[in-house]
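Structural description and commentary
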Amino acid sequence: IMAAVTQAGVKNPLILLDEIDKMANDGRGDPASAMLEVLDPEQNKFFRDHFVELPFDLSDCIFIATANTLDTVPRPLIDRMEIIELHTYTKSQKIGIAKNHLIPKQLKRHGLNKRTLKITDAALSDIIDCYTRESGVRNLEREIAALCRKSAKQIIEDGVTKVTVKPEDLKTFLGPKKIIPETISQYDEVGVVNGMAYTQSGGDLLKVECAIMDGTGKLELTGSLGDVMKESAHAAITYARQVASEYGIESDFYTKKDIHIHFPEGAVPKDGPSAGITTLTALISALSGISVRRDISMTGEITIRGNVLPIGGLREKTMAAYSAGVRTIIIPADNLKDLHEVDPAVRENVTFVPCSRAHEVLSHALVRDKADSVEKAAPSASNDVVIASRTAKAPAQRRAKSDK
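Before going into details, it helps to say that this report is about the structure given with it. All values reported here derive from a predicted model rather than from experimental measurement. (Residues numbered from 1 in each chain as written. Predicted model: local features only at pLDDT ≥ 70, side-chain atom pairs only at ≥ 80, totals over all residues. Heavy atoms only, no water.)

Quick notes on the overall build of the protein chain
- Helix and strand content of the protein chain: 15 helices and 15 strands.
- Looking at the protein chain residue by residue over its 404 residues, the buried ones come to 41%.
- For the protein chain, contacts bridging at least 24 residues in sequence account for 73% of all contacts bridging at least 6.
- Put simply, the protein chain shows about 22900 Å² of open surface, and 51% of that area lies on carbon and sulfur atoms. (Helix = DSSP H or I, 4+ residues; strand = E, 2+ residues; numbered from the N terminus. Buried < 20%, exposed > 50% of the residue type's maximum accessible area, 1.4 Å probe, protein only. Contact = heavy atoms within 4.5 Å. Areas by Shrake-Rupley, 256 points an atom, 1.4 Å probe, with all protein chains shown as cover.)

Given below as structure tokens:
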């Protein structure tokens, strides 16, 4: 710290503490303890460095610390800092950064210019979706550098004067696709719901699958789930038992049916309070046989009384759903205040449905015609009784017509 003040030559410098989450204590000392004194405005007025052994006033200095995660930063140290969270770049932002900064930088490094190499926007979009998965643009710059190297080689060896990289050329330059983007299904399915997840590299479309088998009421949860998501599944089952009759589901299904809920991909650990309504919709769909709309996705936590609770990471989740082809997204009503953070392209092309109760979610997600038929059949003991009552009314209707 004193060396930085000496180098700046002023009493009130701006000091950057890069990667503060990488600090580690060993036998030589604990730098986090020193940071407690440095970053606390009530203590750093009389900061005493162990090297110069003289008190120095650091209260006029401005400290900016960077970190990739707060998990490894001591809690007392976090309390002395104001946290400014920088979100992941959206796809449109990455394309803008690549066109304005990364491509000109790499063209200059490889002795090229805009006339000799042109990378189309469609090619940049495919590189972002199929060759990189990150929150920043570091790997994107590497792929652009690879394009520049291979284009320079092609210009020298083949004698071409200009190279234009299009989406169909990426396989030749960069090889096969490294990442297969998630897309929505081609048709409505029973027991399959599009959920959304927040990851360190941005958002992801997370499909939830539910299967019902004859059994003794066993519940199987798979997909490397954490405790929070397991509790969400149990809350969904409790609420499903309360509303079973409204969807033509046997009230004792939890004793006669085995339920298996799966969150692909199984090798990726998952946890967080945002999969409650997704799990409930998949469960109701599988038990009732009603299909779920393929073009809709949802996020939100559920209580055993059917309330929908707010979630975080809405910006990243909605961007992932939009990229996968979703055009209707169900969100908790309390998250309406966060819509200003959503990417403008998503806000313009996606319909957001705020819901505060679980029955609102089900009314929007389940296929309407089948849902209506099941809801009409719900008050009766079974669908067979409804069909029988309709056939019984038919002769009376014919007699009425004949009398007229």
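Back to the text.
Some thoughts on the layout of surface pockets
- In this structure, the largest pocket occupies an estimated 2000 Å³ of space.
- A67, N68, T69, I84 and L86 are the residues nearest the centre of the largest pocket, which is lined by 49 residues in total.
- Contributions of two or more residues to the lining of the largest pocket are made by α2 (31–39), β4 (62–65), α6 (138–158), β7 (192–199) and α11 (314–323).
- Of the residues forming the lining of the largest pocket, the biggest block, 4 residues, is contributed by β4. (1 Å grid on protein atoms, 1.4 Å probe; cavity = no way out; pocket = protein on both sides within 12 Å on 5 of 7 lines; lining within 4 Å. Points joined across faces, edges and corners; volume = space filled by probe spheres on them.)

Considerations on helix α4 (residues 91–109)
- With 19 residues, α4 extends 25 Å between its outermost C-alpha atoms, agreeing within 8% with the 27 Å of an ideal straight helix rising 1.5 Å per residue.
- Contact partners of the buried residues in α4: β5 (117–119), α5 (121–130) and α6. (Expected span 1.5 Å × (residues − 1).)

Some thoughts on the pattern of salt bridges
- As enumerated under the stated definition, the model contains 12 salt bridges in all.
- Of the charged contacts, one joins E19 and K22 as a salt bridge, the two residues approaching to 3.0 Å between their closest N and O atoms.
- What makes E19 partly exposed here is its relative accessible area of 29%.
- Exposure remark for K22: the relative accessible area of 51% places this residue in the exposed category. (Salt bridge = Lys/Arg side-chain N within 4 Å of Asp/Glu carboxyl O.)

Here's the deal with a nonpolar patch on the surface
- On the surface, a cluster of nonpolar side chains totalling about 410 Å² of accessible area is made up of L14, L16, I62 and I64.
- Elements with a minimum of two residues in the nonpolar patch: β1 (14–17) and β4.
- Along the chain, L14 turns up in strand β1. (Patch = residues over 30% accessible without salt bridge, like charges linked within 9 Å, V, L, I, M, F, W, Y side chains within 5 Å.)

A look at unusual backbone geometry
- A positive phi is found at E19, a non-glycine position, where the angle reads about 55 degrees.
- Its identity as a non-glycine residue notwithstanding, S224 has a phi of 55 degrees, on the positive side.
- Looking at where S224 falls in the secondary structure, it is placed in the loop between β9 (219–222) and α8 (227–242).
- Residue S224 is classed as partly exposed on the basis of its relative accessible area of 36%.

Section: the packing of aromatic side chains
- Scanning all chains against the criterion turns up 1 aromatic pair.
- Here the aromatic rings of F253 and Y254 are separated by 6.0 Å at their centres, their planes lie at 90 degrees, and the arrangement is edge-to-face.
- One residue, R241, lies across the ring of Y254, its end atom 3.5 Å from the ring centre. (Phe/Tyr/Trp six-rings, centres within 6.5 Å; stacked < 30°, edge-to-face > 60°. Lys NZ or Arg CZ within 6 Å of the ring centre and 35° of its normal.)

Examining the packing of α8 against helix α10 (residues 276–288)
- Taken N-terminus to C-terminus, the directions of α8 and α10 make an angle of 50 degrees; their axes are 9 Å apart at the nearest point. Between α8 and α10, the crossing angle belongs to the class labelled oblique. Crossing angle aside, the handedness with which α8 passes α10 is right-handed. Facing S232, A233, A236, I237, Y239 and A240 of α8, the residues of α10 in contact are G276, T279, L280, L283 and I284. (Axes fitted to C-alpha atoms, helices over the stretch in contact; angles between N-to-C directions. Parallel < 35°, antiparallel > 145°, perpendicular 65-115°, else oblique. Left-handed = near helix turned anticlockwise from the far one by under 90°.)

As for empty space enclosed by the protein
- All told, the structure shown has 1 cavity of 30 Å³ or more when counted by the stated rule.
- Reported here for the largest cavity is a volume of approximately 60 Å³.
- As for the largest cavity, its lining consists of S185, Y187, D188, E189, V192, V193, N194, V292, R293 and R294.
- For the lining of the largest cavity, the residue count by class is 4 nonpolar, 2 polar and 4 charged. (Nonpolar A, V, L, I, M, F, W, Y, C, P; charged D, E, K, R; others polar.)

Some words on the packing of α4 against α5
- The contact between α4 and α5 brings their axes to 10 Å, and the two run at 115 degrees. Between α4 and α5 lies a crossing whose hand is right-handed. Residues K91, K94, I95, A98, K99 and I103 of α4 pack against D121, L124, S125, I128 and D129 of α5.
- Here the contact of α4 with α5 is composed, by residue class, of 5 nonpolar, 1 polar and 5 charged.

Description of the nonpolar core
- One finds Y247, I261, F263, L280, I284 and I330 to be the most contacted residues of the largest nonpolar core, which totals 44 residues.
- Mapped by element, the contributors of at least two residues to this core are β7, β8 (202–214), α8, β10 (257–262), α10, β11 (296–298), β15 (351–355) and α13 (358–365).
- In contact with F263, not counting residues within four places along its chain, are L206, K207, V208, T222, G223, L225, M229, K270, A275 and T279.
- Within the second largest apolar cluster, 27 residues are counted, among which are I103, I127, Y131 and V137. (Core = buried A, V, L, I, M, F, W, Y, C linked by side-chain atoms within 4.5 Å.)

Observations concerning the sheet that holds β7
- Pairing is mixed in the open sheet, where 7 strands are placed in the order β9-β10-β8-β7-β11-β14-β15. In the strand order of this sheet, the two ends are held by β9 and β15, each with one partner. Mean inter-strand twist for the sheet, computed between neighbouring axes without regard to direction, equals 25 degrees.
- Bridging between β11 and strand β14 (residues 328–332) involves 3 bridges; their strand directions are parallel. What sits directly across from I296, in β14, is T328.
- Each of β9 and β10 is contacted by α8, which is oriented at about 145 degrees to β9, the strand it contacts most.
- The strands that α13 touches are β11, β14 and β15; relative to β15, the one it contacts most, it runs at about 150 degrees. (Pairing = 2+ DSSP bridges.)

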